[in-house]
Every structure is written in C-alpha cells, then in structure tokens.
Amino acid sequence: MKIQLRLLLFLSLCSQFVVAQNVDQDSLQIIRQSANKEYINVYKENADFSYTSPKGELGAPSKYVINGRLTGTFMLYGSYKSPVAFSLLSDYTVRVREEFSAGVRTPSYRFGGIFYARLNPDPTNYKYGELAFTHHSNGQDGDAINPDGTINTKTGNFNANSLTLSYRFGHFTSNSLGQDYYSINQRVGFQWYKFFRYEPALDRGYGFTRLLYNFSLRKYGEIEKKMKGKDSFTSEKEIWRINTEVSYAINKIPSKNLVNISKRLNAEVNFNYSFPFMNNVFLMAAVGYYGEDNYNIYFQDHYGYLRLGLSSGFLRNRTRKMTK
C-alpha cells in the first residue's frame, strides 16, 4: 500500500513538473513574440528623418532655393515569430540651386537593405544589432575629374558602396496613461566602403572608414486632452526630439593626419518640435559641421551650417484604452 502511495505521489509530482514546464515555455514564447512585434516599431522610429528646408544649409559654399531629403524604410520581413527582421532602404536628397534654372545638378541617391537582430526581449530597454548595405550614387555619367584636375561637381560620376555595422540600445521611462515620458536612444557604429567598387576619384580624400555615434532624447505625451468623448482612451504622440550625430573618418587621407578634425569630422545637432495640432510632423532646427559634405561629389567641401525647416519620420503616435 505504501509503495502504491509513493508511486502515485511520484507520478503527481512529475505531472505537475511537466505542466509547469509547459506553462513556462508558453509564457516565454509569448514574451518573445511580443518583443519581436514591438521591436519593429523601435527599428522604424530609429530610422533617419525626412526633411524639407528652405534655403538649405545656410553657410554652404553654394546658395540654394530649397533642400529636401526623403527617406523610406520598407519592412519586408518583420514577423512576430522571429527575432530577425529585414528592410529595404531608400534615401533621396536634392539641393535646388539658387540660379536661373533652379537646377538640382547632382541628386544624391542611396539604396540598400538593413538586417536587424533583436538582442534582448525587453522593448523598454532595447538592444539590437544592424547590418546595412548601401549603394550611393548621383545619377551622373560624366568624368569625375575635370581636364584641369579639379573634381567635376556639375556632371561628374559619383558612386560608392558601404557596409555599416551598428549596435543600438535605449531606454524608455515609465509611461503611465496620461503622463509624459521619455526615451534615451544611442547608436555605436562602424562604416566601411572599400569592400566594394567605387569611383577612383574618391581616392583624393574620401572618408572610406568611419566611426559613428548617435544620441537621441525624445519626449512623448498626451494630446487633445479636452476632446469630448475621450474618457475611454488617451491619444499620445512624440512631442519633441533632440538628435546628435557624429562620424569620424579614420582611413588614410592624403595630406591629412588622423587628428585633422576639419577634414575628418562630421557632426550635427538637431531639435525637432511638434505642436499639438501637428500629426507626424516637426518643426526642425539643425546646426552642424561637414568635414566632408555627404552630398556625393561635393565630398571635398567642408563648412559649418544651419538648417531650418520641417521634418518627419516613423513617429510614436498612438491611441491607448483607459482602464478602470
């Protein structure tokens, strides 16, 4: 009789253990699937902004009527079943010159793809890796070097291809309903061009290898607080964002040593603010310095600048249900 009772007790314990294991596995799977879904929004929100800027970069060697940048992130693969995602990248920048024809001359086109790998299951303290391939060109087919030996910035061909490896991490503060909250977002990266074919004229001083760092502070809050019939929900949006972007070329550049900041450093700080009546749009003000103008064939230009205008991107703009 005692042996039978012990056997029943043993079988009961085994059954409870199996059930507990299944519950733990199910809970872990739900957490992972939820994280995979939430991270897609994080990937998009960390993408570069589009903008339109009357007069463009004030301080540039050339005068412009208007400058614009249009970026797109096409998430081809972003399943809740996988911690890995993939998107296509399109990034078009144009500068309309202040001249009789208001010409663009050399548009700046970037195309490519980005692989994302989630590194932890907590979207409020996210960590993920990125590997991006980007083709950069200007659509021109003239010789990149003029007969007098200068760079042909009017019709000269520009093409370069890069790999960029990045580690991104960030933290969201508590986001109780009806309360403002913040996020701190950072990126450390390494960019290398010489894996692939490029325009030989770039050997005259292009930053083929760059160290990258980005910092972003963002504020989110409730909007339309006085809207009638909103007792059951709350609407919130990203109110403002401060971005800091720094890159530094570390490859060999003719006549420029490694501490030649005026040539090697690119840096920008921009502030973006959205009024309550704006939807997915910011007022933008940016100040920066190009040691190497990233607008393709103008890579030999270096200058400080101010940019004013409107910006937009994949912003956090959502409605949440109120709970009693």
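Residue numbers here run from 1 along each chain, matching the order of that chain's written sequence. Residues qualify for local features only when their pLDDT is at least 70, as the model is predicted, and side-chain atom pairs are given and counted only at 80 or more; totals for whole chains, interfaces and linings, by contrast, use all residues. By convention in this description, side-chain values take in all heavy atoms of the structure and omit both hydrogens and water.

Asks: How would you sum up the nonpolar core? Please name residues and give values.
Replies: By nonpolar core is meant a set of buried Ala, Val, Leu, Ile, Met, Phe, Trp, Tyr and Cys residues that side-chain atoms within 4.5 Å join together. Only protein chains enter the accessibility calculation, which uses a 1.4 Å probe. A residue is then buried if its area is under 20% of the maximum for its type, exposed if over 50%, and partly exposed in between. Counting 14 residues, the largest nonpolar core has Tyr39, Tyr43, Ala85, Tyr116, Tyr126, Tyr128 and Phe172 as the members making the most contacts within it. For helices the rule is a DSSP run of H or I covering at least 4 residues; for strands it is a run of E covering at least 2, with both sets numbered from the N terminus onward. For this core, the secondary structure elements donating two or more residues are helix H1 (2-45), strand E4 (108-118) and strand E5 (127-137). Sort the elements by how many residues they give to this core and H1 lands first, with five residues. Two residues form a contact once any of their heavy atoms are found within 4.5 Å. If we skip the residues at most four places from it in the chain, tyrosine 126 touches Tyr39, Val42, Asn46, Asn120, Arg168, Phe169, Gly170, His171, Phe172, Asn185 and Gln186.

Asks: Residues and numbers for the environment of leucine 308, please.
Replies: With respect to the element layout, leucine 308 can be found in strand E12 (residues 303-312). Of the residues examined, leucine 308 reaches a relative accessible area of 41% and is grouped as partly exposed. Remark: the alpha-carbon pair of leucine 308 and glycine 56, spanning 252 residues in sequence, is separated by 7.4 Å.

Asks: Can you break down the side chain of asparagine 138 residue by residue, with the values?
Replies: On the secondary structure map, asparagine 138 appears in the loop between E5 and strand E6 (159-172). When near neighbours in sequence (up to four residues on either side) are disregarded, asparagine 138 contacts Thr106, Pro107, Tyr109, Gly156, Asn157, Phe158, Asn296 and Ile297.

Asks: Give me the lowdown on a nonpolar patch on the surface, citing residues and values where you can.
Replies: Nonpolar side chains (Val, Leu, Ile, Met, Phe, Trp, Tyr) are joined into patches within 5 Å and like charges within 9 Å, using only residues with over 30% relative accessible area and no salt bridge. Each accessible area is a Shrake-Rupley result for a 1.4 Å probe, and residues are judged covered by the shown protein chains and nothing else. Take a side-chain nitrogen of Lys or Arg and a carboxyl oxygen of Asp or Glu: if they are within 4 Å of each other, that pair is a salt bridge. A grouping of Phe133, Phe190, Trp192, Phe195, Phe196, Leu211, Ile250, Leu258 and Val259 is seen on the molecular surface, where their side chains present a nonpolar patch of about 820 Å² in accessible area. With respect to the helices and strands, phenylalanine 190 occurs in strand E7 (residues 181-192).

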